[in-house]
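Structure assessment
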Amino acid sequence: MSRVIGSLTGSLRARLLWFLLAAIVLAAGAQALVAYRTVLAEADDIFDYHMQQMALSLRAGLPPSAAVGGLGAAEQNFDFVVQVWTADGTRIFESAEQAALPQLAVLGFADVNARGTTYRVFSMQTRGLVIQVAQDMAARRHMAGTLALRTIAPVALMAPLLMLVVWWVVSQSLAPVARVRKQVASRQADDLSPVSEENLPEEVRPLVQELNLLFDRVRHAFDAQKHFVADAAHELRSPLAALKLQVQGLQRAPDDASRELAVSRLVAGIDRATRLVEQMLALARHEASMAAGAKPEPVDLAEVARLAVSDAVAAAQARGIDIGIAHADKAVVHGQSEALRMLLRNLLENAIKYTPVEGRVDIGIARKGDTAELTVDDSGPGLPPEERERVLDRFYRSGESQAPGSGLGLAIVKSIADLHGATVALEQSPSLGGLRVLVRFPARS
């Protein structure tokens, strides 16, 4: 029994088969009961009418009194029993001597218990006589059962065939589910290709679609991990080698001045390596959040700009650079506030790094129709037109760079912009003459 219950709980196919077969059996039983009740009611009406007609036919053929006796033992029939009584209670006719029906009957129809069974009795009075016609109810029930059996016999004969059809239909309907299970079970651990949705029922297709979306997110997470490992192995090799050479130079320094110069170079190398690792980890975290499908939320760009300026103001003051928000329209985008803060912070750090001492960096936020534009202008040297697209690639640095860097700042900006459905354009600043970075977002109503 526990095995059957476990099968019903765990197997959709077994559950459907059991429920459908049980429904067939219950439907057949209900049909048999309804047929029996209907036939029995119709038989009651027919036999009641027949008993009335029998009593009416006897009314004209009986004398007003004088016993007429009864039938012989061989002629007695207990299916229908006829008795005739006089007004003073004398029985003048009976078709069965041992019927034991009551002498005084209620006129009309009544049910009487006699001889261990129930009789349906019809009584009528005419010319001083009382005529009783009775029938054993067992005969009616037997007839109703026979007719009901004949009615449901075709259903009973067709039930096994119907069960086979149900079993075949359920098996064929669940075949696509079994096919999907086999596809997933036979896969290798690194096989994240989409599962086929061909010929899947509508109830199962959404599940397979969500499974394919999950495979896609996992594939992006694996790709991001592979890229991070490859980039780390490639980009950390040179800084670590440079640090090793600087340490060796420090060890060979002949005097204090040479040693101080080697220490300053070593500190600068450590700072560059630290900045590279920080940028790589930031890019890895952002790509991981993209792969995880983080839920977007309404973000006010003006608030993001204020937070990013607070992050970059210390570095700007150290170089005497004037940094601030030139203008800010009300603009709300759909995205992730921390990622957008990282985007603008990287733009500001890049602008501060390449802007001359006592230069200027301006932030602008404008709402234009269905888009929101975020701009960062600086008074630096700008970029040649042929390099404006390439600086968005990972680890690319301009050949005319004036400051050290990892080449990841603008790549992170491009990645975050792609996440938010935004575009990044680099052009000459019309107000400050240096570089302008324009990020155009689809605005949120």
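What counts as what
Residues numbered from 1 in each chain as written. Predicted model: local features only at pLDDT ≥ 70, side-chain atom pairs only at ≥ 80, totals over all residues. Heavy atoms only, no water. Pairing = 2+ DSSP bridges. Helix = DSSP H or I, 4+ residues; strand = E, 2+ residues; numbered from the N terminus. Axes fitted to C-alpha atoms, helices over the stretch in contact; angles between N-to-C directions. Contact = heavy atoms within 4.5 Å. Buried < 20%, exposed > 50% of the residue type's maximum accessible area, 1.4 Å probe, protein only. Salt bridge = Lys/Arg side-chain N within 4 Å of Asp/Glu carboxyl O. Expected span 1.5 Å × (residues − 1). Bend = angle between axes of the 7 residues up to and from the residue. Polar contact = N/O pair within 3.5 Å; in protein donor to acceptor, adjacent residues only side chain to side chain. Phe/Tyr/Trp six-rings, centres within 6.5 Å; stacked < 30°, edge-to-face > 60°. Core = buried A, V, L, I, M, F, W, Y, C linked by side-chain atoms within 4.5 Å. Parallel < 35°, antiparallel > 145°, perpendicular 65-115°, else oblique. Left-handed = near helix turned anticlockwise from the far one by under 90°. Nonpolar A, V, L, I, M, F, W, Y, C, P; charged D, E, K, R; others polar.

Moving on, we come to the sheet that holds strand E13 (residues 435-442). What the five strands build is an open sheet, ordered E8-E10-E11-E13-E12; its pairing is mixed. A single partner strand is all that each edge strand has here, and the edge strands are strand E8 (322-328) and strand E12 (423-428). On average, adjacent strands in this sheet sit at an angle of 15° to one another, irrespective of strand direction. Bridge analysis of strand E10 (residues 360-368) against strand E11 (residues 371-378) gives eight bridges, and the strand direction is antiparallel. Counterpart to Val361 in the pairing with E11 is Asp378. Most of the contacts of helix H8 (residues 301-318) go to E8, to which it runs at about 170°, and overall it touches E8, E10, E11 and E13. Along the sheet, helix H9 (residues 337-354) makes contact with E8, E10, E11 and E13, crossing E11 at roughly 25°.

Once that is clear, we can look at unusual backbone geometry. In this model, Glu358 sits at a positive phi of 60°, which is unusual for a non-glycine residue. Considering the arrangement of structural elements, one finds Glu358 in the loop between H9 and E10. On the basis of relative accessible area, Glu358 is assigned to the exposed category, the value being 66%.

Before going further, it helps to examine the pattern of salt bridges. Pairing between side chains of opposite charge can happen when their charged atoms approach one another. As enumerated under the stated definition, the model contains 12 salt bridges in all. Here Asp300 makes a salt bridge to Lys330, at a shortest N to O gap of 3.4 Å. Here Asp300 is found in strand E7 (residues 297-300), whereas its partner Lys330 is found in the loop between E8 and strand E9 (332-335), with 30 residues between them in sequence. The partner of Arg440 in a salt bridge is Glu373, and the shortest N-O contact between them spans 3.0 Å. Here Arg440, found in strand E13, pairs with Glu373, found in strand E11; they are 67 residues apart in sequence, far enough to count as distant. Its relative accessible area of 32% is what places Arg440 among the partly exposed residues. Judged by relative accessible area, Glu373 falls into the buried class, the value being 11%. Salt bridges linked by common partners bring Asp48, Asp111 and Arg120 together as one network.

With that settled, consider the side chain of Ser429. Relative to the assigned elements, Ser429 resides in the loop between E12 and E13. Beyond its immediate chain neighbours, meaning those up to four positions away, Ser429 contacts Asp377, Asp378, Gly434, Leu435 and Arg436.

Once that is clear, we can look at the environment of Met54. Considering the arrangement of structural elements, one finds Met54 in helix H2 (residues 12-59). Counting along the chain gives 78 residues from Met54 to Gln132, while the straight-line C-alpha distance between them is 9.7 Å.

Given a rise of 1.5 Å per residue, 18 residues ought to cover 26 Å, and the 26 Å separating the end C-alpha atoms of H9 matches this to within 8%. Considered for burial, the residues of H9 that qualify are Ala339, Leu340, Arg341, Met342, Leu343, Leu344, Asn346, Leu347, Leu348, Asn350, Ala351 and Ile352.

Another point: helix H3 (residues 137-173). Its 37 residues place the ends of H3 51 Å apart at the C-alpha level, agreeing with the 54 Å of an ideal helix rising 1.5 Å per residue. Along its length, H3 shows its largest kink, about 40°, at Ile152, and proline Pro154 lies within four residues downstream of that point. For H3, the full list of buried residues reads Met137, Arg140, Ala144, Ala148, Ile152, Ala159, Val166, Val170 and Ser171. By the N-cap criterion, in which a side-chain oxygen at the helix start approaches the backbone nitrogen of a residue two or three places on, H3 is capped by Asp136, the distance to Ala138 being 3.1 Å.

A separate point is the packing of aromatic side chains. Under the definition given, this model contains one aromatic pair. Centroid distance Phe109 to Phe122: 4.8 Å. Interplanar angle 45°. Geometry classified as tilted. Here Phe109, found in strand E4 (residues 108-114), pairs with Phe122, found in strand E5 (residues 117-126); they are 13 residues apart in sequence, far enough to count as distant. The exposure class assigned to Phe122 is buried, which follows from its relative accessible area of 10%.

Counting residues in each nonpolar core, the largest one holds 41 residues, and the members touching the most others are Leu344, Leu348, Val439 and Phe441. Elements represented by at least two residues in this core include exactly H8, H9, E10, E11, helix H10 (409-419), E12 and E13. Setting aside residues up to four positions removed in sequence, Phe441 forms contacts with Leu301, Val333, Leu340, Asp370, Thr371, Ala372, Leu374, His420 and Ala422. Membership of the second largest hydrophobic core comes to 10 residues, among which are Ala55, Phe122, Met124 and Ile131.

Two elements in contact, H8 and H9, have axes separated by 9 Å at closest approach and are oriented at 40°. Between H8 and H9, the angle falls in the class oblique. For the pair H8 and H9, the crossing hand works out as right-handed. Facing Leu301, Val304, Ala305, Leu307, Ala308, Val309, Asp311, Ala312, Ala315 and Ala316 of H8, the residues of H9 in contact are Ser337, Leu340, Arg341, Leu344, Arg345, Leu348 and Ile352. Taken together, the residues of the contact of H8 with H9 sort by class into 13 nonpolar, one polar and three charged.

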